[in-house]
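Structural description and commentary
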Amino acid sequence: MREFIHTNQLRGHQAVVLGAGTSGIAAARLLVRLGATVRLLERNAASAAKVPTDLGFDVIGGEHRPQDLAGAHLVVLSPGIPRAKVAFLMPQRAQVISELELASWFVSEPTIAVTGTNGKTTTTTLISRILQHNGKKVFTGGNIGTPLCEYLLGDEQADVLVLEVSSFQLQNSPSFHPRVGVLLNFSANHLDYHADMEEYLSAKLSMFAHMDTADLAVVPLSMKDELEGRRFTAARRVYFVATKRFVCPGLPGEHNQENMEAAFLACREFGLTQEEVQSGIEGFTSLPHRLEAVTEHGGVVYVDDSKSTTIDSMIAALKSQDRPVRLLAGGVFKGGDLHAVLPLIRERVRGIYLFGASRDVFESAWKQCGPEITWDPTLEDAVLRAASAAGSGECVLLSPATASFDLFANYKERGKAFQRAVRQWVEGTT
């Protein structure tokens, strides 16, 4: 255990963790190490039953009750639980925080934190790769991969922590303070979780409010007026736009030029030159389900962008293609302006193939846009319809602009289903 984490630091404190996901269990384990008495609450009784019983804390399954939190000094909320929905359960004097906030109290390593509506995982992974390529020992985690609490429980110590951080985490992180904070972009999203766009943006910007003049904020030039008007941070600020400074065939599109530029500015703070950053970028390929080229068959390219859960990410995907597109979209719509994509649809899309939920939302917004719009109940049926219509020189693009929870557990499963359907089509027509 790290020397700056003492087993008696929270002795005598009662802590409650809500949610038995990866971050919740990691937070509970760290709290036990710190000497707290810990209860882990999990609404899903089956999930609660799967938590090992030898980790030093009590597990309570089923609907949360006020008595389960009675006496708690500290409550750690898992990212998927909106604070407003459980506020009535909270003891009056309890401190409510995220797993990220808890871990940050015990971090001494310099941290790069990446947030934004789109591109977080790609940019976080890219920054880590660049730093590692140039000799830095890096921990990559947060909202992707390993929770920060889990890192603290280990023995290995990194030179730099590179974290993807979500609005869900930041909303309950009242002092989280990275050395470099990166805001990639901002657009409508998660309005099924946040009360409104202002709450969503305030959550994104909260980490910048805690930074000081020794820190660096890397933020988009397109938001400069709004951000400066808010006096959003005391940190030094550098504004970025897409450039052609870096070359990487595996990261197509203007949005990825922005991601590479933001990664460069973050890594430059750690002494890396443009040439060293380019060297680290070379050979980088799109992550799974993020503009991932699946195959080309009969002159048709099939692209899996299942990670697209917003209108802005759909716009970026369409801009990245230099072929006419057969567009697959549909799922649980989370908000945003569907009319914003109309110019690109008219310019680049030959057909729209809807599937699953939100049919009425898409059809009402796009019915006058030009291309034929069809709907199928399943993604597999929509793939078959799009592939049958596509001609040589075109692209069949899955970029749903929605959450996947109508038909799939997550965007990864949706992407895998798309790829299976494509392979079946190819095998059946070969």
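Quick caveat: nothing in here was measured; it's all calculated off a predicted structure. (Residues numbered from 1 in each chain as written. Predicted model: local features only at pLDDT ≥ 70, side-chain atom pairs only at ≥ 80, totals over all residues. Heavy atoms only, no water.)

Describing the packing of helix 5 (residues 120-133) against helix 10 (residues 254-268)
- Running from N to C, helix 5 and helix 10 point in directions that differ by 45°, and their axes come no closer than 9 Å. Taken together, the axes of helix 5 and helix 10 are oblique relative to one another. Considering only the axes of helix 5 and helix 10, their crossing is right-handed. Facing helix 5, whose interface residues are Thr122, Thr123, Leu126, Ile127, Ile130 and Leu131, helix 10 presents Asn256, Asn259, Met260, Ala263, Ala266 and Cys267.
- A class-by-class count of the residues in the contact of helix 5 with helix 10 yields 8 nonpolar, 4 polar and no charged. (Axes fitted to C-alpha atoms, helices over the stretch in contact; angles between N-to-C directions. Helix = DSSP H or I, 4+ residues; strand = E, 2+ residues; numbered from the N terminus. Parallel < 35°, antiparallel > 145°, perpendicular 65-115°, else oblique. Left-handed = near helix turned anticlockwise from the far one by under 90°. Contact = heavy atoms within 4.5 Å. Nonpolar A, V, L, I, M, F, W, Y, C, P; charged D, E, K, R; others polar.)

A few points about the side chain of Ser320
- Relative to the assigned elements, Ser320 resides in helix 12 (residues 311-320).
- Overall, the relative accessible area of 16% leaves Ser320 in the buried class.
- Those residues in contact with Ser320 that lie beyond four places of it in its chain are Pro252, Gly253, His255, Leu291 and Arg348. (Buried < 20%, exposed > 50% of the residue type's maximum accessible area, 1.4 Å probe, protein only.)

Here we look at the pairing of strand 13 (residues 300-304)
- In terms of burial, strand 13 is largely enclosed, as 5 of its 5 residues are buried.
- Here strand 13 shows two buried faces, one formed by Val300, Tyr302 and Asp304 and the other by Val301 and Val303.
- Bridge analysis of strand 12 (residues 292-297) against strand 13 gives 5 bridges, and the strand direction is antiparallel. Looking at the pairing, Glu296 lines up with Val301 of strand 13. (Pairing = 2+ DSSP bridges.)

Notes on the pattern of salt bridges
- The final tally for this structure, using the stated rule, is 16 salt bridges.
- A salt bridge links Glu296 to Arg323; the nearest nitrogen and oxygen atoms lie 3.4 Å apart. With a gap of 27 residues between them, Glu296 in strand 12 and Arg323 in the loop between helix 12 and strand 14 (325-329) connect regions that are remote in the sequence.
- Judged by relative accessible area, which is 48%, Glu296 ranks as partly exposed.
- As a salt-bridge pair, Glu347 and Arg348 come within 3.4 Å of each other at their nearest N and O atoms. (Salt bridge = Lys/Arg side-chain N within 4 Å of Asp/Glu carboxyl O.)

A word on the sheet that holds strand 3 (residues 58-61)
- Across the sheet, which stays open at both edges, the 5 strands sit in the order 3-2-1-4-5 with parallel pairing between neighbours. For this open sheet the edge positions go to strand 3 and strand 5 (95-98), each flanked by a neighbour on one side alone. With strand direction ignored, the average angle separating the axes of adjacent strands in the sheet is 20°.
- Note that strand 1 (residues 14-18) and strand 4 (residues 74-77) share 4 bridges and pair parallel. Counterpart to Ala15 in the pairing with strand 4 is Leu74.

A look at the environment of Gly61
- Positionally, Gly61 belongs in strand 3.
- Residue Gly61 is classed as partly exposed on the basis of its relative accessible area of 41%.
- Sequence-distant contacts of Gly61, that is, excluding residues within four places in its chain, are made with Glu42, Ala45 and Ala48.

Note that every value here comes from positions in space, so none of it alone points to a role or purpose.
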